[in-house]
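Take a look at the letters that make up each chain.
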Amino acid sequence: TPRVFSGIQPSGDLHLGNYLGALKRFADAQDQGIQSIYCMVDLHAITVPQKPEDLKRSTRELCAGFIASGIDPQKSILINQSQVPEHAQLAWIFNCVARMGWMGRMTQWKDKAGKNAEAASLGLFAYPALMAADILVYHATHVPVGEDQKQHLELTRDIAAKFNHDYGVDFFPLTEPVIEGAATRVMSLRDGSKKMSKSDPSDASRINLSDDADTIAKKIRKAKTDPDALPSEAKGLEARPEARNLVNIYAALSDQSVEQVLSEVGGQQFGTFKPLLAELAVTKMSPITSEMTRLMADPAEIDRILAHGAAQAREITAPILRKTYEIVGMVG
Ligand code: TYM
């Protein structure tokens, strides 16, 4: 039976890349009636320094972001990672299955640790093994994510396969990444060769879910583009990363294909297209922003939702962890 799992780090503001690459697509699985678990990965967030108060606020804000994006806590399971201890427990087992060499090849590790890997936390290095545990402690089969998580999901399959092979079992499923739609890799508004990211020092490079309508319009107006008009076919975007990014964003926000969008806006100058895009972005995002603000006014209710989610999650994770321990040979 299919089961969906995905996670987002509660570190800093959510941005348009998180929304289009992940959040917006999560509600789809839920609405198709597939059992879905969505997770705020606070244990992942602390692989780099976090102020305790900020981590708490970001976790609750992310929970509000999930709900405002259409995740219904009555239909899906909404959890905070550290409240379901089986994630960290299975991660330890996977730390002993995964190989140092595999982890060292992760591009995200190389990017984040940079030249000074000696000073990076051990948790940052082991990050993908915890991610594999997040998914496999539910025997999840499908994981909707943005393009940047693809390598981590391949590693998740490698860990599952090695565990099954080493212990001679067919226990953990090989998970399918679900990387779909027009906006699996939303790029920076200032540089079409870099992905939109919360760690970019320039706030103008991204649209935050917390930005007001004026800020969104201004950032889109100032977005880097080239001087040409929009093409009428997708192949005309190939060597134009900034133009392609804005069209992809338009397509994802309006639930259309790139071809459909270009048949509508092909031939337009950016002076015409950007205001259309800004209006669309504000129309789609401001209801989410205001719903998040409304939910954040009652943090106790958010905490109740997370406590309820954790209890539901543990009904799935506890038996899977128990069975894993038994396979590994732990007494108890
Ligand atoms: P995180 O918190 O960096 O990002 C959350 C989700 O947003 C997607 N995303 C993007 N999509 C399109 N364009 C972008 N510019 C962009 N930036 C981010 C990410 O691909 C992701 O889907 N390691 C994960 C969190 C995680 C997880 C998991 C995910 C932990 N355990 C288990 C899936 C399953 C991360 O850091 O995502």
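None of the values given here were measured: they were computed from a predicted structure.

## Overview of unusual backbone geometry
Most peptide bonds adopt trans geometry, and most residues besides glycine take a negative phi value.
Piece 1. In the Ramachandran plot, H139 falls in the positive-phi region, its phi being about 50° despite a non-glycine side chain.
Piece 2. If you trace the backbone, H139 turns up in the loop between α7 (122–136) and β4 (142–144).
Piece 3. A positive phi angle, close to 55°, is found at D255, a residue other than glycine.
Piece 4. We classify D255 as exposed; it has 11 C-beta atoms within 10 Å.

## Notes on the confidence of the model for the protein chain
Piece 1. Averaged over all residues, the pLDDT of the protein chain is 96; the fraction at 70 or higher stands at 100%.
Piece 2. Interface confidence for the predicted complex, expressed as ipTM, amounts to 0.99; the pTM equals 0.97.

## Description of the domain arrangement of the protein chain
Piece 1. Taken domain by domain, the protein chain consists of domain 1 (3–179 + 299–328) and domain 2 (203–293).
Piece 2. Each partner contributes to the interface: domain 1 provides 11 residues, whereas domain 2 provides 10 residues.
Piece 3. Taken together, the elements giving at least two residues each to the side of domain 1 that touches domain 2 come down to α1 (16–31) and α3 (52–68).
Piece 4. When residues of the side of domain 1 that touches domain 2 are assigned to their parent elements, the largest contribution, four residues, is made by α3.
Piece 5. For the side of domain 1 that touches domain 2, the residue count by class is six nonpolar, three polar and two charged.

Calculation criteria
Residues numbered from 1 in each chain as written. Predicted model: local features only at pLDDT ≥ 70, side-chain atom pairs only at ≥ 80, totals over all residues. Helix = DSSP H or I, 4+ residues; strand = E, 2+ residues; numbered from the N terminus. Buried ≥ 20, exposed ≤ 12 C-beta atoms within 10 Å, placed from the backbone. pLDDT = per-residue confidence, 0-100. Domains from an automatic or database assignment. Contact = placed C-beta atoms within 7 Å. Nonpolar A, V, L, I, M, F, W, Y, C, P; charged D, E, K, R; others polar.

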